[in-house]
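Descriptive analysis of the structure
So you can see what is in the structure, the chains are spelled out below.
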Amino acid sequence: MSFGVDARDVPQSLGLELIQSALEAHPDVFRHHEPYTSLIKQRVCSLIIKLFSPTISAPSKASAPLFPITIRLLGLVQTLISHYHETLGAESEIFLSMLCKFVSPDKLLWHRVASLEVVHELFRQPTILVAFFSSPEMHTQSVSLFYEMVTQITALIKENISCGDAASTYLPVPIIVSFTSFLDKSEAPQVSPGYVLALCISTLVVLTKSLSSLVQPHAAQESMSSRISPVPDYPTEEDDACDVFHTSSTAPTSSKSSSHPLSLSGKNGQRYAKMVFECVWNPLLSGFTLLLDTFHQDSMVDTSLRAVQSALRICCSLSLRHQRDAFLTTLCTACLPSNSSWTVESPTAEWKVTNKNLSALHILLNSALCMGNMMETSWELIISTIQQVIAFMDLMQGDRTSAAPSAQFRQPSWGSTTNRRSHRRTGSGSIIATSSTSVSEIPALAVMLHQVEARKYRRLFQVTRSLNDSSLSFLMMALWRQSEATLEQVSGASIHHVIFRNDAYLFPVSKLLEVGLANMHRIMVFWPMVTAHLIEVSCHSHQELRQQGVIALTTLIHGALSFPRDPPIQENPGLQQAVLSPLRNLAACRYTQTRKQQLECVTQVLDSSGQSLAHAWPVVIGIISDTVSGKQRISDPNLISSAFESLQMIVQDFLPMLPVRCMLILLKTIGNFCRQKIAVNVALTAVGLLWNVADHVSQNHIILQEKLDVRLLEDSVSSADVVDVGMRRDVDSDGLPRRLKIGDIWWLIYEQLSALCVDERTDVSRSASQTLYPMLKTHAILLPREELALVLNELIIPTFSSVVNGSPRNPNSGNIAVESPAATSTDDSRNSACSADTYEATESKCIAITGLAHALASLLEHILLCSEFLKMWKEILGLMKQLIICKNHEDNVTLAGATALKNLVRAVDRGHEHNLNANIINRAMEETFDTWTSVCQHLEQSSTHKTRTLVAVIACMNPTLGQLRGRLSDAQVVKATTCLYSILNLRPSDALYFTRSSDLQAEILQVLLLLAPSAQFPQPDAHHVPLVLGELIRYIGLVNQPPWLLRGRNCFVGLAKDSMKNFAEQFASYSEESMVIRSGVAHDFLKIITPIIDARYAGPNVQLWERATETAITVIDYSLRGLAASAQHTDLTMQSITDSLWEQIVVVLEAALFPSDVAAFTQSEGVDVEKLSSHERLDVDVVQLISEAILPNTSATSSRGSSRAGVDVTVPRNFLSRTVSLLRRGSVNLLQQAMYQQQQEYENNPSSSEIRRFAFARACFQALVDCSRRVEATGDSRNSDDDSDWARVSEMATLCVNYLEYHMTSIQKNDISESLAEDILLVLGACSSLVTTPHRDVAKALFIPLVEASCAPHEDIGPTVRSILRNYASLL
């Protein structure tokens, strides 16, 4: 080496070559031997610096360096730096500084290019780059050197920027560069500007690759033979997404130089690479940006893009956020057309989409795929760029046209290949022009790029499952922010805005969905943020965007619920609720379509995941409830129906799976649907769902309670660690009360129905009443006694009170109709509607009244033992009273109230049969009695009630009096009878005429008779019997003086008949009781019926006279028995009662036998002639009563009157005389009439209306004869005093003789009519009675006329006379 330096004769160029050859051939020798190392530093380096000094200090291009020497010096510098930079640290830095100066613009072009070639080769070796920063002494100077070097290269690119086409022919730059190999040249060759530009580009690229190899050492293992092809071989969809750049970044080195002491692996290499990159990134970025902005050649663009991708990888690997964003911005800018604008309303010019844009997009997508875990906040720039690219290039066509993974994106429809520019139509109608260098290459290249980018575009978001959680969060945040910006932009943009092209505005939302579906295994990483934003999108004013947001949200929810997990999602309460909660938040949206999609999602969730919705039921039910109860209630009946269908599905299909505590939410939701007023049919059907839930609870109440107990135990165990009891919540993890009983569920069911019973909509209130009370009747028995009492006191009775106090609804009240011809029909329709509404309201109220009565009646046995039963009973009685007496109520309501009261009272009465609390029942009956009397007093003031209502009111007292009559005071009994009599005097609004007792009259009679002892209600005494008999007399008296008439007809005939019958029966039972005798009821009864008997056929009804006569006979009979029984009582009061009774008896007998009315014996309307004989038998019965019970000496043969009692009563003389006179009148008058009436007159008027009572006359005559016979037989004439013939038998015999003699001629000639024959037979019958031993003298007087008549040819008269004559044998 010394020779090379000192020898004068050796050329410098040869010496320099020899030195370089030696240094290159034996680097290990020179590096490891100190003498050689010192020689290099002191001699070689000094020589190089000396020889380069003129060039460095040259002020201009005038003092140009010698080409051969400069070329060899540059080669020697390259060798020293490449092989000896470890030992030549300061010298290497000097050499690098020299190279930087040689590249400056003031140097010759060939000098600059040759120096740049050396730099190019140095930049290919990462170890050389690191060496300049490994020493602290060199670090500071190296930063400025590297920065200045890259800056000079960028400046050189700007100088030759116009030579792009020429430069593309030199790429890629060979490993052995041109100028350093021109050692045989003495002059510098001509330098092509294209080569200069290509060398600059290659230098920046190799620098980037070297740094990338330091960051990712595996890249150094690639073969150096890899080259950057002019047209990139883009990976297909099946290729590795990260296989984007694998060319070598280091030059080949010898085996000796490979053993470098500096370790470049792992963090060490990244640290040095970061030092280098931080000083060169800015000019490096400027150079690549300039290249991408200027050139469109495929090779140039592809080389620049891949270099930018490498720089981007360096930034991501070294966490250089600012630099990463800068390089990414350059890459993203290259993806967009040069004249594109994201803020314009409509394109003012054609957008030129070139292959550079497609290639840049390819690199961008590949970078995102490979470096997604390192992008962090840079995802925002990527997402924004992709959205803009979509607007310009229509990459979303595949997503819009088909949801299948294999869907193809829309292909560009290229024009004629003869043109330099071809056009294609976009979705919005704008034209995109595509420019390229070769028309023939455009279609194949563009189509391929388009297909590849479409696939990568889809894969980019589908493979995000490989991202870590942090990177996924950054990606989701980027999509969210881009979507926020899109929402803001869409809100203020017109329909011609660029954002609407190719549905680019839908991109963020669709990608949120896609990424979410791809990462369901870690849903909570992004779920709150994504769903919250999708809810915001779903409420946006833009319809399509809003719809896309709802679809994305609902699809994510379905995917999350159906995604297989371990453990299953139903075992994770928090996750399941978190998944479904966003769906409920959609209820805040005011758009109908959004709410519709929300409800459709709920239906789908129930269909697909209903079996596993363990902890999400509160959310699902809440969504349905928000339809009718949220802040944004739905007014569309179709949507309400849709929501209700989901609710029905829950009740019908999922009740067994529903947590017990969730039933509270379910019931409240059903109640909300019942109360909504938009869809009435839904409200009515919802009422039925309450019954379904009640059935489920009833059938499974034991299982449900066990589940509640188990859940409560689990909650207590889970909260055992909480020391402070006050910190323990009263709700569980689902937000539901911890301490829940089955009774709480029942309470809520009844509460909902009770509220609905007073709903202003008649249909709903009626349906609720039809459900509540049968449910109470069927299921309330399951409640404990005290809980049942609470339900009744707090819910049922107050609800019923509201029903009672509610006024009839009149929706048209206050509306004043306009008088016009057209208004007439309108008024009629309004009146019809009003009537229909009133009818429905009345019907609803009646249903409630009846239902409550039946329910309480069935539960009475259960609630009788409740402590508050009497309180409830008083309230119920008060409400029933109000229903009955209120004048504002319809008749049906009043009837329903009265019937309900009757049923309730009967139910209480049945408590005695079950041996329940007798004391409570009696007190309840007392309250009932007071209420009933109050009701009757109010009814006296009204005459508008119908018969059925009054009957029901009276029927209430049937069981009440039956239980209380033994304890009622006389005043209470009088009060009761007064009430009965006042009701009896009322005229019902629907009164009808009957000859029998009306229903009301019959019911009153039945209640009245309860006061008297009977087989059903026996009593120890009969102290109320006189009062009952007296009331019956009052009832009979109504027929004589009716309080009202119906069209002139007496409606109390039937009552009087039944009252007479009942009086006779009761009096027959108690006639011998002292209190009955002393009450004088017999006298009063006979007195009240006397006008009826006296009227006979002239009275209001013949049957009434018949009943009066029959009962008069009975009462007289039993009155005489009573007189006999009380014969020992001779006090003045008793004597007065007896005297008045005898007086009234004779008055009744006279009225019965000889009515005072002149029309008494005329044949009135309704009396058949055939009945006259039966009526005459009644007269005969009266005569027989006189004969057997009144006339003296009858005790031996009589079964009536005092004789029946065993003691003959002393008949007053005046009474006996008057009675005998009646008998004599009955017999004598008939004989006189028959004898003195002209035969012709009688025969000429055979149809006379006068009734001839022959049997009656015979009975009277026979009674007189019998009585006279008995008196003569006994010799007792105490009653006749001086008159031995007190019966006037001789007078009757004289009449008979005279009659026979008068008609003797006719008898003998048989010239008599049938009627005359009957009269003759009557007289003969009287004669037969007189032919006895006691009447021997009278028989003598009759003998001669009888003998004369014995030869009568009449078939009946002759035999009769001869039969009488045979009786004379006993007198001989």
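Provided above is the structure to which this section pertains.
About the cut-offs
- Residues numbered from 1 in each chain as written.
- Predicted model: local features only at pLDDT ≥ 70, side-chain atom pairs only at ≥ 80, totals over all residues.
- Heavy atoms only, no water.
- Helix = DSSP H or I, 4+ residues; strand = E, 2+ residues; numbered from the N terminus.
- Buried < 20%, exposed > 50% of the residue type's maximum accessible area, 1.4 Å probe, protein only.
- Contact = heavy atoms within 4.5 Å.
- Areas by Shrake-Rupley, 256 points an atom, 1.4 Å probe, with all protein chains shown as cover.
- Patch = residues over 30% accessible without salt bridge, like charges linked within 9 Å, V, L, I, M, F, W, Y side chains within 5 Å.
- Salt bridge = Lys/Arg side-chain N within 4 Å of Asp/Glu carboxyl O.
- Lys, Arg positive; Asp, Glu negative; His and termini not counted.
- Charge placed at Lys NZ, Arg CZ, Asp CG, Glu CD.
- Polar contact = N/O pair within 3.5 Å; in protein donor to acceptor, adjacent residues only side chain to side chain.
- Core = buried A, V, L, I, M, F, W, Y, C linked by side-chain atoms within 4.5 Å.
- Expected span 1.5 Å × (residues − 1).
- Bend = angle between axes of the 7 residues up to and from the residue.
- Phe/Tyr/Trp six-rings, centres within 6.5 Å; stacked < 30°, edge-to-face > 60°.

On to the overall build of the protein chain. What the protein chain contains, in helices and strands, is 56 helices and three strands. The buried share among the 1372 residues of the protein chain stands at 55%. At a minimum sequence separation of 6, the contacts of the protein chain that also span at least 24 residues come to 78%. Here the protein chain displays about 57400 Å² of accessible surface, and carbon together with sulfur accounts for 50% of that area.

So, on to a negative patch on the surface. A surface patch of negative charge is lined by Glu1314, Glu1318, Glu1355 and Asp1356. One can find Glu1355 in the loop between helix 55 (1336-1349) and helix 56 (1357-1366). Under the relative-accessibility criterion, Glu1355 is labelled exposed at 64%.

Examined against the element boundaries, Gln1184 turns out to sit in helix 47 (residues 1170-1190). The spacing of Gln1184 and Ala1259 is 75 residues in sequence and 7.5 Å in space, taken between C-alpha atoms.

This part takes up the pattern of salt bridges. Counting across every chain of the model gives 19 salt bridges. Notably, a salt bridge pairs Arg321 with Glu376, separated by 2.8 Å at the nearest N-O pair. On the criterion of sequence distance, the pair formed by Arg321 in helix 14 (residues 321-335) and Glu376 in the loop between helix 15 (355-375) and helix 16 (379-393) is long-range, its members being 55 residues apart. Asp744 is the partner of Lys741 in a salt bridge, and the nearest nitrogen-oxygen pair spans 3.7 Å. Looking at Asp744, the relative accessible area reads 27%, which means it is partly exposed. Salt bridges here are not isolated pairs; linked through shared partners, they connect Arg321, Arg324, Asp325 and Glu376.

Counting through the fold element by element, Ala391 comes out in helix 16. Separated by 116 residues in sequence, Ala391 and Phe507 have C-alpha atoms that sit 9.6 Å apart. For Ala391, the contacting residues outside a window of four places in its chain are Trp342, Val498, Arg501, Asn502 and Ala504.

So, about the side chain of Thr627. Checked against the element boundaries, Thr627 lands in helix 25 (residues 617-629). A residue is classified by how much of its surface remains accessible, and Thr627, at 0% relative accessible area, is buried. Here Ile624 takes part through its backbone oxygen, which lies 3.0 Å from a polar atom of the side chain of Thr627. Non-local contacts of Thr627, meaning those with residues more than four positions away in its chain, are made with Arg595, Leu599, Arg633, Ile634, Leu639, Ile640 and Ala643.

The subject of this paragraph is a nonpolar patch on the surface. Side chains of Phe1343, Ile1344 and Val1347 sit close together on the surface and give an oily, nonpolar patch of about 260 Å² of accessible area. For Val1347, the position within the fold is in helix 55. Owing to a relative accessible area of 35%, Val1347 belongs among the partly exposed residues under this scheme.

A few words now on the nonpolar core. Formed by 410 residues in total, the largest nonpolar core has its most connected members in Leu80 and Phe327. No other element matches helix 11 (residues 193-215), which puts 14 residues into this core.

With that settled, the discussion passes to unusual backbone geometry. Residue Pro567 follows Asp566 across a cis peptide bond; omega there is 5°. Position of Pro567 relative to the elements: it lies in the loop between helix 22 (543-562) and helix 23 (573-585). With a phi angle near 55°, Ser319 is a residue other than glycine that sits in the positive phi range. Backbone geometry at Glu376 places phi at a positive 55°, although glycine is not the residue there.

With that settled, consider helix 26 (residues 637-653). For helix 26, which comprises 17 residues, the first-to-last C-alpha distance of 24 Å matches the rise-based estimate of 24 Å (1.5 Å per residue) to within 8%. Restricting attention to buried positions, one finds in helix 26 the residues Leu639, Ile640, Ala643, Phe644, Ser646, Leu647, Gln648, Met649, Ile650 and Val651. Here the buried face of helix 26 lies against helix 24 (592-609), helix 25, helix 27 (662-675) and helix 28 (680-699). Between the side-chain oxygen at the start of helix 26 and the backbone nitrogen of Asn638 there is a gap of 3.0 Å, and the oxygen is on Asp636.

A few words on helix 44 (residues 1081-1095). A rise of 1.5 Å per residue sets the reference length of helix 44, with its 15 residues, at 21 Å; its end C-alpha atoms lie 22 Å apart and thus fit the reference within 8%. Bending of helix 44 peaks at approximately 40° at the position of Ile1089, with proline Pro1091 no more than four residues after it. The element helix 44 is extensively covered by neighbouring structure, given that 11 of its 15 residues are classed as buried. All of the buried residues along helix 44 are Val1081, Ala1082, His1083, Phe1085, Leu1086, Ile1089, Thr1090, Ile1092, Ile1093, Asp1094 and Ala1095. Residues of helix 44 that are buried sit in contact with helix 41 (1025-1040), helix 42 (1053-1070), helix 43 (1074-1079), helix 45 (1102-1125) and helix 46 (1132-1153).

This brings us to the packing of aromatic side chains. Counting across every chain of the model gives 15 aromatic pairs. Each ring, one from Phe500 and one from Tyr505, has its centre 5.1 Å from the other, and the planes form 65°; the classification is edge-to-face. Neither Phe500 nor Tyr505 differs from the other in exposure class; each is buried. When the centroid spacing of 5.7 Å and the interplanar angle of 10° are considered together, the rings of Phe1063 and Phe1067 count as stacked. Taken as a pair, Phe1063 and Phe1067 lie in helix 42 at a separation of four residues, close to a single helical turn. The exposure class of Phe1067 is buried, given its relative accessible area of 3%.

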